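Each chain, letter by letter, is given below.
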Amino acid sequence: MKSSVMNKMRDWGFPVIVIAAWFLGFAYTLLRLGEAHRTHSAAAVTAQASTRPVPLPPFVASAE
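Just so you know, these numbers come straight off a predicted model, no measurement behind them.

This paragraph deals with the overall build of the protein. The helix and strand inventory of the protein stands at one helix and zero strands. Taking all 64 residues of the protein together, the buried fraction comes to 0%. As displayed, the protein has an accessible area near 6,600 Å², and 72% of this comes from carbon and sulfur atoms.

Right under this line is the structure:
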């Protein structure tokens, strides 16, 4: 009885651990990408709000 349970654990343990680790890594990556996106968006809004538009140079028509 114990040997069949141990064999099942040996057969299924590694694939389950690999899939679980892959899932956790993928979730962590998505979490960090979402955080980076929010940080970048906030910085872009701040940078865009703090820049003043450069006035155009005055247009001078010449008769030449």
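What follows deals with the pattern of salt bridges. The tally for this structure, following the rule as stated, stands at one salt bridge. Ionic pairing is found between Glu35 and Arg32, a salt bridge with its closest N-O pair at 3.6 Å. Taken together, the residues Glu35 and Arg32, both in helix α1 (residues 2–50) and three residues apart, mark about one turn of the helix. Residue classification places Glu35 among the partly exposed residues on the basis of a relative accessible area of 37%. By relative accessible area, Arg32 is classed as partly exposed at 43%.

Moving on, we get to the packing of aromatic side chains. Given two aromatic rings, one states the distance between the centres and the angle between the planes to describe the pair. Applying the stated criterion across every chain, the model contains one aromatic pair. Ring centres of Trp22 and Phe26 lie 5.6 Å apart, and the angle between their planes is 5°; this geometry places the pair in the stacked category. One end of the pair is Trp22 and the other is Phe26, both in helix α1 and four residues apart, which spans about a single turn. Assessed through its relative accessible area of 43%, Phe26 is described here as partly exposed.

Next up on the list: a nonpolar patch on the surface. Taken together, the side chains of Trp22, Phe23, Leu24, Phe26, Leu30 and Leu33 present a nonpolar region at the surface, about 710 Å² in accessible area. Within the secondary structure, Leu33 is located in helix α1. Overall, Leu33 belongs to the exposed group, its relative accessible area being 53%.

About the thresholds
- Residues numbered from 1 in each chain as written.
- Predicted model: local features only at pLDDT ≥ 70, side-chain atom pairs only at ≥ 80, totals over all residues.
- Heavy atoms only, no water.
- Helix = DSSP H or I, 4+ residues; strand = E, 2+ residues; numbered from the N terminus.
- Buried < 20%, exposed > 50% of the residue type's maximum accessible area, 1.4 Å probe, protein only.
- Areas by Shrake-Rupley, 256 points an atom, 1.4 Å probe, with all protein chains shown as cover.
- Salt bridge = Lys/Arg side-chain N within 4 Å of Asp/Glu carboxyl O.
- Phe/Tyr/Trp six-rings, centres within 6.5 Å; stacked < 30°, edge-to-face > 60°.
- Patch = residues over 30% accessible without salt bridge, like charges linked within 9 Å, V, L, I, M, F, W, Y side chains within 5 Å.

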